[in-house]
Amino acid sequence: MKQYKLLADIIAFLHLIFTIAVAVSLVVALLTPHYRPLAFFLSAILLTSWKIWGDCPFARWENHFRRRYNPRTAYRRSFLEHYSHKYLPFTIRDAFIKTSAFAILVVLIILTVT
């Protein structure tokens, strides 16, 4: 049973790394045009996964293993909404996350094309 918790924690860590990579890629893309396709690619993966599965595959995998370990440890909100509520003095709402991600993708498309 503990292996499920460990797998869920590893996936949550990888999810955090991916989230940071997407955020940093935007900043890098704004400063260095050479990296705009990478930032576009990461953002496109994120939005495509939301469209196909309704949420991020990392969150689905993490919650799968959390439910196997202990059903009460799984969460229903998005990754950022859940963990910001848990660890920060404020909550990053899912609607804000999805709207921001879409806006970032649009900006990246414009920057990549021009």
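Quick look at the structure, then. Since this is a predicted model, take the numbers as computed values, not measurements.

What counts and how
- Residues numbered from 1 in each chain as written.
- Predicted model: local features only at pLDDT ≥ 70, side-chain atom pairs only at ≥ 80, totals over all residues.
- Heavy atoms only, no water.
- Helix = DSSP H or I, 4+ residues; strand = E, 2+ residues; numbered from the N terminus.
- Contact = heavy atoms within 4.5 Å.
- Areas by Shrake-Rupley, 256 points an atom, 1.4 Å probe, with all protein chains shown as cover.
- Lys, Arg positive; Asp, Glu negative; His and termini not counted.
- Charge placed at Lys NZ, Arg CZ, Asp CG, Glu CD.
- Polar contact = N/O pair within 3.5 Å; in protein donor to acceptor, adjacent residues only side chain to side chain.
- Core = buried A, V, L, I, M, F, W, Y, C linked by side-chain atoms within 4.5 Å.
- Buried < 20%, exposed > 50% of the residue type's maximum accessible area, 1.4 Å probe, protein only.
- Salt bridge = Lys/Arg side-chain N within 4 Å of Asp/Glu carboxyl O.
- Patch = residues over 30% accessible without salt bridge, like charges linked within 9 Å, V, L, I, M, F, W, Y side chains within 5 Å.
- Expected span 1.5 Å × (residues − 1).

As a further point, take the overall build of the protein. A tally of helices and strands in the protein yields five helices and zero strands. Reading the protein from its N terminus to its C terminus gives the helix and strand order α-α-α-α-α. Look at the contacts in the protein between residues 6 or more apart in sequence, and 58% of them connect residues 24 or more apart. Element-wise, carbon and sulfur atoms account for 71% of the exposed surface of the protein, whose accessible area totals about 7,700 Å². Looking at charge distribution, the protein has the averaged site of its 14 positive side-chain charges lying 3 Å from that of its 5 negative ones.

This part covers the environment of Ser-84. Position of Ser-84 relative to the elements: it lies in helix H4 (residues 79-87). Put simply, Ser-84 and Ile-45 are 39 residues apart on the chain and 22 Å apart in space, counted from C-alpha to C-alpha. Once residues within four sequence positions are removed from consideration, Ser-84 is found in contact with Phe-90, Thr-91 and Ile-92. There is a polar contact of 2.7 Å between the side chain of Ser-84 and the backbone oxygen of Leu-80.

If you look at the biggest cluster of nonpolar residues, it comprises 15 residues, and the most contacted ones within it are Phe-18, Leu-46 and Trp-50. Taken together, the elements giving at least two residues each to this core come down to helix H1 (2-31), helix H2 (36-53), helix H3 (57-69) and helix H5 (94-113). Of all the elements, H1 adds the most residues to this core, at five residues. The next biggest cluster of nonpolar side chains, apart from the first, holds five residues, and it includes Ala-12, Tyr-75, Phe-79 and Tyr-83.

It is worth spelling out the pattern of salt bridges at this point. Applying the stated rule across the entire model yields four salt bridges. Note that Asp-9 is salt-bridged to Arg-66, the shortest N-O span being 2.8 Å. Of the two residues, Asp-9 is situated in helix H1 and Arg-66 in helix H3; the sequence distance between them amounts to 57 residues. With a relative accessible area of 30%, Asp-9 lands in the partly exposed category. Salt bridges linked by common partners bring Lys-5, Asp-9, Glu-62 and Arg-66 together as one network.

Before going further, it helps to examine a nonpolar patch on the surface. A cluster of nonpolar residues, Leu-6, Ile-10, Phe-13, Leu-14, Leu-16, Ile-17, Ile-20 and Val-24, forms a patch on the protein surface that exposes about 710 Å² of accessible area. As for its placement among the helices and strands, Leu-14 is situated in helix H1.

With that out of the way, let us pick up H1. Taking 1.5 Å of rise per residue, the 30 residues of H1 would be expected to cover 44 Å, and the 44 Å separating its terminal C-alpha atoms lies within 8% of that figure. Of all the positions in H1, only Tyr-4, Ala-8, Ile-11, Ala-12, His-15, Phe-18, Val-22, Ser-25, Leu-26 and Ala-29 are classed as buried. In the core, the buried residues of H1 are packed alongside H2, H3, H4 and H5.

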